[in-house]
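# Fold and geometry: a report
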Amino acid sequence: MKMFKFLAELIFPHRCLGCSEYLEAAYLCGPCLKKLPVRSRLECIGCRRTVPGGITCPDCRPHYSLNRVFIVSEYHDPVVSGAIKALKYRFLPELAKPLAGLAVNYIQDQSALHRISFAGENFAVVPVPLHGRRENWRGFNQAALIARKLAEHYRLDYGEHLKRQNHSIPQAQIDDSHMRFENVKNAFACVDPSLVRGRSILLVDDVCTTGATLNECAMILKKNGAASVTALVIARG
Ligand SMILES: [Zn+2]
Ligand SMILES: [Zn+2]
């Protein structure tokens, strides 16, 4: 273990992702952390138009199961995208802490504007799952690390209520495009519906792009009785 740590320190020395300063045991220094952008504009998961409360707009609602999305920061900020990538691809779980901290700052701003509140609602924090094989290879699910820290901070229930299930039929063997669509739609399963039923779900992931994964998760959660699904991601790529 000592040897591993020594090698890891050689390969990935503790240097700030923002200013390159050598640090004791972190990858972002205090001043650089404070400089990270925190979003204020709320957008629709489907069409990206500005919407009040981050709700899925009426035009997109027929196609999206997600009720709301909150996007914490900006992917085009090199330190934000660098931290997300380093957490995911350089296996640096230490970065979950500053990214969750950024989410807390964001939630503070949004709750001051009465756009988000965890009070009164029966919230459960649920991470987007990784495929089992990828998680084993990496050793952790970056979304779960962030989700767990948020749940701890707000004293909300945390649960890995979703799992990815292997497709019984490989996509390549399906010719019909509609069937392929359906096959991907069933990528997730609910672990225990009794833990989801009637709950407001805060679905957490590190990044989203089209929102297809968040939407698939939301659909399964609602199918299993979730009252509402609010997604929170660090950035939208
Ligand atoms: Zn710095
Ligand atoms: Zn929309």
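For the structure, see preceding data.
Presented here is an overview of the structure given in this document. Every chain's residues receive numbers from 1 upward, in the order its sequence appears when written. By the order in which they are written, chains take letters starting at A while ligands take numbers starting at 1. Confidence filtering applies because this is a predicted model: local features only for residues at pLDDT of at least 70, side-chain atom pairs given and counted only at 80 or more, and all residues used for totals across whole chains, interfaces and linings. Computation of side-chain values: all heavy atoms of the structure, hydrogens and water removed.

### Considerations on the overall build of the protein
Helix and strand definitions follow DSSP, with helices as H or I runs of at least four residues and strands as E runs of at least two, each counted in order from the N terminus. Scanning the protein from N- to C-terminus turns up eight helices and seven strands. Of the contacts made within the protein by residues no fewer than 6 positions apart, 68% connect residues no fewer than 24 positions apart. Residue-level accessible areas treat just the shown protein chains as cover; the underlying method is Shrake-Rupley with a 1.4 Å probe. Total accessible area computed for the protein in this model is approximately 12500 Å², and 54% of it derives from carbon and sulfur atoms. In what follows, residue pairs with any heavy atoms lying within 4.5 Å of each other are defined as contacts.

### With respect to helix H6 (residues 142-154)
The first and last C-alpha atoms of H6 sit 19 Å apart over 13 residues, in line with the 18 Å expected at 1.5 Å per residue. Residues of H6 that are buried: Gln142, Ala143, Ala144, Ile146, Ala147, Leu150 and Ala151. Directly after H6, the chain includes Arg155, whose backbone phi takes a positive value near 50°. Under the convention used throughout, the expected extent of a helix is 1.5 Å for every residue step, that is, one less than its residue count. Partly exposed residues are those whose accessible area sits between 20% and 50% of the maximum for their type, while under 20% is buried and over 50% is exposed, using a 1.4 Å probe and protein chains only.

### Looking at the coordination of the zinc ion (ligand 1)
The protein atoms that coordinate the zinc ion (ligand 1) are Cys16 (SG), Cys19 (SG), Cys29 (SG) and Cys32 (SG), at distances spanning 2.3 to 2.4 Å. A 2.8 Å cut-off from the metal defines N, O and S donors, relaxed to 3.2 Å for Na, K and Ca; water is not in the atom list, so some sites may appear incomplete. Irregular is the label for any site that misses the other tests, which are tetrahedral for four donors with all angles between 85 and 135 degrees, and square planar for four donors or octahedral for six when opposite donors exceed 155 degrees and the remaining angles lie between 65 and 115. Around the zinc ion (ligand 1) sit four donor atoms; with metal-centred angles ranging over 101 to 115°, the donor geometry is tetrahedral.

### Observations concerning helix H4 (residues 96-112)
Compared with an ideal rise of 1.5 Å per residue, which puts 17 residues at 24 Å, H4 spans 24 Å between its outermost C-alpha atoms and is within 8% of the ideal. For H4, every residue scored as buried is listed here: Ala96, Pro98, Leu99, Ala100, Leu102, Ala103, Val104, Tyr106, Ile107 and Gln110.

### Some details on the sheet that holds strand S3 (residues 157-158)
Sheet strands associate in pairs through backbone hydrogen bonding, adopting either a parallel or an antiparallel arrangement. Strand pairing is assigned whenever DSSP detects at least two bridges linking the two strands. Read from one edge of the open sheet, five strands run S1-S7-S6-S2-S3, paired in parallel fashion. Across the chains shown, the open sheet's two edge strands, defined by having one partner strand only, are strand S1 (68-71) and S3. In the sheet, strand S2 (residues 123-127) pairs with strand S6 (residues 200-208) via five bridges, with the strands oriented parallel. Residue pairing in the sheet places Val126 in a bridge with Leu203 of S6. Each of S1 and strand S7 (228-236) touches H4; the most contacted strand, S7, lies at about 120° to it. Each axis is a line fitted through C-alpha atoms, and for a helix only the stretch in contact is used; angles between axes span 0 to 180 degrees, taken between their N-to-C directions.

### A word on the coordination of the zinc ion (ligand 2)
Around the zinc ion (ligand 2), the protein contributes the donor atoms Cys44 (SG), Cys47 (SG), Cys57 (SG) and Cys60 (SG), which lie 2.3 Å from the metal centre. Each of the four donor atoms bound to the zinc ion (ligand 2) contributes to angles spanning 104 to 114°, and the resulting shape is tetrahedral. Each donor residue of the zinc ion (ligand 2) lies on one chain, and together they are spaced C-x2-C-x9-C-x2-C. Of this pair, Cys47 sits in the loop between helix H2 (30-35) and S1 while Cys60 sits in the loop between H2 and S1; the two residues are 13 residues apart in sequence, bridging distant segments of the chain. Of the residues examined, Cys47 reaches a relative accessible area of 31% and is grouped as partly exposed.

### Points about the pattern of salt bridges
Counted as salt bridges are all cases of a side-chain nitrogen of Lys or Arg within 4 Å of a carboxyl oxygen of Asp or Glu. Under the defined criterion, the tally for this structure stands at eight salt bridges. Here Glu43 makes a salt bridge to Arg41, at a shortest N to O gap of 2.6 Å. Among the ionic pairs, Asp206 bridges to Lys88, the shortest N-O distance being 3.2 Å. Of the two residues, Asp206 sits in strand S6 while Lys88 sits in helix H3 (residues 78-89), which places them 118 residues apart along the sequence. Accessibility classification places Asp206 together with Lys88 in one group, the buried group. Among the ionic contacts, a cluster of salt bridges with common partners joins Arg39, Arg41, Glu43, Glu74 and Arg236.

### Some details on the packing of aromatic side chains
Each Phe, Tyr or Trp ring, with Trp reduced to its six-membered ring, pairs with another whose centre is within 6.5 Å; inter-plane angles below 30 degrees give stacked pairs, above 60 give edge-to-face pairs, and intermediate values give tilted ones. Applying the stated rule across the entire model yields three aromatic pairs. Here the aromatic rings of Phe118 and Phe123 are separated by 5.2 Å at their centres, their planes lie at 85°, and the arrangement is edge-to-face. A relative accessible area of 14% means that Phe118 is categorised as buried.

### Points about the packing of H4 against H6
Axis separation between H4 and H6 bottoms out at 9 Å; the angle between their running directions is 50°. On the basis of the axis angle, H4 is oblique to H6. In the crossing of H4 with H6, the sense of the turn from one axis to the other is right-handed. Along its contact with H4, which presents Ala96, Lys97, Leu99, Ala100, Ala103, Val104, Ile107 and Gln108, the element H6 presents Leu145, Ile146, Lys149, Leu150, His153 and Tyr154. Split by residue class, the contact of H4 with H6 holds 10 nonpolar, two polar and two charged. Any angle that falls under 35 degrees is termed roughly parallel, while one over 145 is termed roughly antiparallel, one within 65 to 115 roughly perpendicular, and all others oblique. Here a crossing is taken to be left-handed if its near helix is turned anticlockwise relative to the far helix by less than a right angle, and right-handed if that turn runs clockwise. Each residue receives one of three labels: charged for Asp, Glu, Lys and Arg, nonpolar for Ala, Val, Leu, Ile, Met, Phe, Trp, Tyr, Cys and Pro, and polar for the others, Gly being one of them.

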